[in-house]
Amino acid sequence: MTNKGLITVFAVLFGLVSLYQLSYTYLANKVEDEAATYAQSKFSKDQPNERAAAEVAYLDSVAGNPIMMGIDYKTAKEKELNKGLDLKGGINVILQISVKDILKGLANNTKDPAFNQALDAADERQKDAQETYLESFYASFEALDGENNLASPDIFFNKNLEDDIDASMSNDEVKTVIDRKIDESITSAFEVLRKRIDKFGVTQPNIQRLGNSARILVELPGAKDVERVSKLLQSTAQLEFWDVYKFEEMFGFLQEANAKVAEIEALKNPANETAEEVAETEQDTTATEGDDISDLLDGEKVDESTEDIEKQNPIFYKMVSQGFAGRPVIATFALKDTATINAYLRMPQVRALLPQEQRFTKFIWEKPADIQVTRDGNEETMTATGLYAIRGNREMTPPLSGGVVTDAAQTYDQFSNVAVSMQMNGKGAKIWEEMTKNANTNNSQIAIVLDDIVYSAPGVTSPGGIAGGRSEITGDFNILEGQDLANVLRAGKLPASADIIQAEVVGPTLGAEAINSGMISFIIALFLVLVWMIFYYGKAGAFADVALVVNILFIFGVLAGLGAVLTLPGIAGIVLTIGISVDANVLIFERIREELDKGKSQKDAIKDGFQNALSSILDANITTALTGIILLVFGTGPIQGFATTLLIGILTSLFTAIFITRLFIDSYTKNGKPLLFSTGATKNLFKNVNINFLGKRKMAYIISGIVIALSLGSLFTNGLNQGVDFVGGRTYTVRFAQDVDAPAVTQDLVSQFGSAEAKTYGGNNQLKITTKYKVDETGSEVDQEIQSMLYTAVKSHLPTGMTEEEFKSDNDAKVAGIMEYYKVSPSIADDIKKDSFWAVFGSLIVVFLYILLRFRRWQFSLGAVVAVFHDVLIVLGVFSLTQNIMPFSMEIDQSFIAAILTVIGYSLNDTVVVFDRIREYFNDNPSWGFGNVINRALNSTLSRTLNTSLTTLIVLMCIFFIGAESIRGLIFALMVGVVVGTYSSLFIATPVMYDTVKKKAADLLLEKKEEEVEA
């Protein structure tokens, strides 16, 4: 090998750089361990929130202190090896920016019938279509009857777009403008979200737009407060300032409304839908039935039954308290009753009671708060909210909106309560001064409304109004809520609503367990492989082991240097890389042994062994890399982590196997020192093997045919257990303090959700609970509702005294409750399924073309692809046949698709090695006959095939039995794939290639003859 010195220098420098990159991780972990120890010394394990706060305070206090060589914690944290959500815990969401809202805004909220019909039709098309919302809108608009023009003054030729669109434009020309405007709006949304997240306070946040779609991926490792994150991401920050009516101006209407609703309800048939039933479908709140009050507002005790009181006073009965004269709150209601009150106030008969000057009144609610109420002589806490009436107008546009806010900060009011101060621009300051002046003159209030919630409604004491554009929002919120509110106001409003269509929440406890199990499985697998290599190849195996350890150092160093994220599937990818690295060394050592058996000198045998193995190593790794690239392109989150480590591992494995191992071997043998590539136990293993593989191909076809028939039969009858990735839904990993019976819990869940499933997940004290309840609905309110229902359903199985808050919250010492949460909406589930199909189909096309290019004969490509189809069908069949009997999850999800693609790569790896040897033998020995060449080639590679398969299986079995539950299905698929792939490379791929070539075998010599002529 030439340039040994250069390679040695490069390897040493590469190793030092890798160690340097990993030193940041070591230093960051060291300080965090010290912070954890400090927090534990201050607070007990029963005070998880206090512990967490103490850790944060400790880390903040030492963030700038040098640890080693001038590196401080802040720098180390920024450059450490990133850990994914499944290892660290945290939150991962995909947001869908509403293109429909953007279109409405661009059209100036037009009432044009054609435009709105097209939007409604686009909504319907989106339920089944794989196109974007904008494409659905265009198609729906063009399908309408008549001449419909997008450049109509009633649609896009308006004040908002007058500089971009004119009435003479065709629909296609308008589409170009709208496409650009939509893209600008989504980019704006991305920037708004990025600004919000940058101030959120988590380390190494990741936000990226997914292609050119309206979807934005947000990853917040270490984030724990799901509700806070959801509000931060989905809040449109629609800030408005409104004049409001006082209590005395609206209470008379409320009395009339109460009587009118009672009259309407009395006239209804029992079979008709009541307003409360209508309210259950409202999105205003998660309304549920609760305790009733028995006292009327005037304090008099009544004798009528509760039902009669409610019928006579449907609004007043639900009122917790009425407002006060001169104040803007009309009445206070329990939060659970707000949807019902909204339904009453929206009745046309009730709206008709408003005087002419109040006909545009809009009723909205203030920020909910907990209050103390007395029931039957006992005090209890109730979540309540006040009802406001704002002075609306025909267009319902506020006198002043949040667009004028230039800065915002969390402060404190005069009573030391948390507040948010705002600064407006010149235009806003002028309007604000006029509004506050009028409010002072009329002794009225101005409601500060954010996303249709009143945060405060202060009066104004300054006679001339408030000059300078300064204002303040007060309300019942803590410091974090104040900081978040200031953050979203400072970042600006989203141009459209953002719905969470996919979410994953992993608790820190589950993340810590995943790291422990992942590292244990990794160390054991590595140890077993190192021992096996020494057992099989002796000292040469020890050199390969050193190269393998160096390879792992390089992988982690590259991951840290690139800022890539290490995930649980990523650890599986690294462990699988061990098998790939071993395979390269096995190929080299087997070729050296062959050269030695031919009687060559040790020096020549080593040289020729490395040279002859290079072609097979490159072909095998390129085919695996191609599937890895497809995974990287089509996968998301952890799957991309798996693909990243796989691809890095392939590159580093090639370098270490070809160069590092060679350096050690050449250094050891340079003075003629003998080096055996076997031990006493393995010296004659697989020598003189002479199996007639082609003679057994018909039997192999029959066996494979039967297995495939069973697989297809099961796939058509039993189908596959599709996970929420492919069908949509919500999945919760819930842990209990003791073992639980999954069927019994399922019954409790069904009684709550109507349809749900619970399966044992890992230990008998942990369940994976899946439901499609309200899967089409988004928003933090819906998520909170479902988690509350989940708590109610499983409460009897939880530790005594566990509250709902403890059940839902995250902390490092959590032993029971929700440990992990995953949600996929049906729309993105369809896209995931489509992407998965194209990933598998694309990999087959790419592989077919590569083998065709490499071997110049379609018969080789056909044999390889048939073998791959064979392997994939059998893996699918095994999952279909055993889905109800395996003690672990057999769901088909994105991880399973990653496993399928890896199986494809592994199967091709084996097949390409065999094909390489067939081509080599045929060119060297054309007189042997094609069938004889194939059998000899298969026998000569048998040692390598079985050796590689065995080491890979050892590695996979370690992860399967010791690793985390979440990737057990993936590893099982890989284990089946390794066994089936090894079989198919010997008994399917090559025989199929042989049967399609047969008498035309001489054509294989064509390449060699052409080369001779050119020479």
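What you are looking at is a predicted structure, and each value in this text was computed from that prediction instead of being measured. (Residues numbered from 1 in each chain as written. Predicted model: local features only at pLDDT ≥ 70, side-chain atom pairs only at ≥ 80, totals over all residues. Heavy atoms only, no water.)

Participant: Can you tell me about the overall build of the protein chain, naming the residues and giving the values?
Facilitator: In terms of regular secondary structure, the protein chain is built from 33 helices and 24 strands. Buried residues in the protein chain amount to 53% of all 1015 residues. Across the protein chain, contacts joining residues at least 24 apart in sequence account for 74% of those joining residues at least 6 apart. By element, 55% of the accessible surface of the protein chain is carried by carbon and sulfur atoms, the whole surface being about 45300 Å². (Helix = DSSP H or I, 4+ residues; strand = E, 2+ residues; numbered from the N terminus. Buried < 20%, exposed > 50% of the residue type's maximum accessible area, 1.4 Å probe, protein only. Contact = heavy atoms within 4.5 Å. Areas by Shrake-Rupley, 256 points an atom, 1.4 Å probe, with all protein chains shown as cover.)

Participant: Now, about the sheet that holds strand β14 (residues 405-412): what can you tell me, with residues and values included?
Facilitator: Two modes of strand pairing occur in sheets, parallel and antiparallel, and in both the strands are linked by backbone hydrogen bonds. On the basis of which strands lie adjacent, the open sheet formed by three strands has the order β14-β15-β18 and antiparallel pairing. Both edges of this open sheet fall to β14 and β18 (470-474), since each of them pairs with a single strand only. Between one strand and the next, the sheet's axes are offset by a mean angle of 25°, whatever the strand orientation. Of the pairings in the sheet, the one linking strand β15 (residues 418-424) to β18 comprises five bridges and is antiparallel in character. For Gln 423, the partnering residue across the bridge sits in β18 and is Arg 470. The strands touched by helix α15 (residues 426-441) are β15 and β18; relative to β15, the strand with the most contacts, the crossing angle is about 115°. (Pairing = 2+ DSSP bridges. Axes fitted to C-alpha atoms, helices over the stretch in contact; angles between N-to-C directions.)

Participant: Lay out the environment of Val 913 with the relevant residues and their values.
Facilitator: Summarising the element assignment, Val 913 is placed in helix α29 (residues 894-924). For Val 913, a relative accessible area of 2% puts it in the buried group. Put simply, Val 913 and Thr 941 are 28 residues apart on the chain and 7.8 Å apart in space, counted from C-alpha to C-alpha.

Participant: Could you give an account of the sheet that holds strand β4 (residues 90-97), with specific residues and numbers?
Facilitator: In spatial order, the strands read β5-β6-β4-β19-β24-β21-β23-β22; together these eight strands make up an open sheet with antiparallel pairing. Among the strands making up the open sheet, the edge pair consists of β5 (206-209) and β22 (756-761). On average, each strand axis in the sheet is inclined to that of its neighbour by 20°, with strand direction left out of account. Here β4 runs beside strand β6 (residues 215-221); their pairing, made up of seven bridges, is antiparallel. Among the inter-strand pairings, Gln 96 is bridged to a residue of β6, identified as Arg 215. Across the sheet, helix α24 (residues 742-753) touches β22 and β23 (763-771), and the angle it forms with β22 is around 155°.

Participant: Please provide a residue-by-residue account of the confidence of the model for the protein chain, values included.
Facilitator: Residues at a pLDDT of 70 or more form 88% of the protein chain, whose mean pLDDT is 80. Per-residue pLDDT stays below 50 along residues 271-303; that stretch engages in 56 contacts with residues further than four places along the chain or on separate chains. Here residues 1005-1015 scores under 50 on pLDDT; set against residues more than four positions off or in separate chains, the count is six contacts. (pLDDT = per-residue confidence, 0-100.)

Participant: Give a detailed account of the pattern of salt bridges, specifying residues and quantitative values.
Facilitator: Following the criterion strictly, the structure yields 28 salt bridges and no others. Between Lys 175 and Asp 172 there is a salt bridge, and its shortest N-O distance comes to 3.8 Å. You can see Lys 175 and its partner Asp 172 sitting in helix α8 (residues 171-198), three residues apart, about one turn around the helix. Residue Asp 172 is classed as exposed on the basis of its relative accessible area of 54%. The salt bridge partner of Arg 944 is Asp 583, with a shortest N-O separation of 2.6 Å. In this pair, Arg 944 sits in helix α31 (residues 942-962) while Asp 583 sits in helix α19 (residues 568-597), placing the two residues 361 residues apart along the sequence. Residue classification places Arg 944 among the buried residues on the basis of a relative accessible area of 2%. Counted as one network, the salt bridges with shared partners bring together Asp 164, Arg 180, Lys 181 and Glu 184. (Salt bridge = Lys/Arg side-chain N within 4 Å of Asp/Glu carboxyl O.)

Participant: I'd like to hear about the pairing of strand β7 (residues 239-243), residue by residue, with values.
Facilitator: Counting buried positions along β7 gives four out of five residues, so the element sits mostly inside the fold. Across two bridges, β7 lies against strand β13 (residues 400-401) in antiparallel orientation. Note that in β13 the partner of Phe 241 across the bridge is Leu 400.

Participant: Can you tell me about the side chain of Asn 313, naming the residues and giving the values?
Facilitator: Examined against the element boundaries, Asn 313 turns out to sit in the loop between α12 (306-312) and β8 (319-322). Side chain to side chain, Asn 313 and Asn 258 meet in a polar contact 3.2 Å long. (Polar contact = N/O pair within 3.5 Å; in protein donor to acceptor, adjacent residues only side chain to side chain.)

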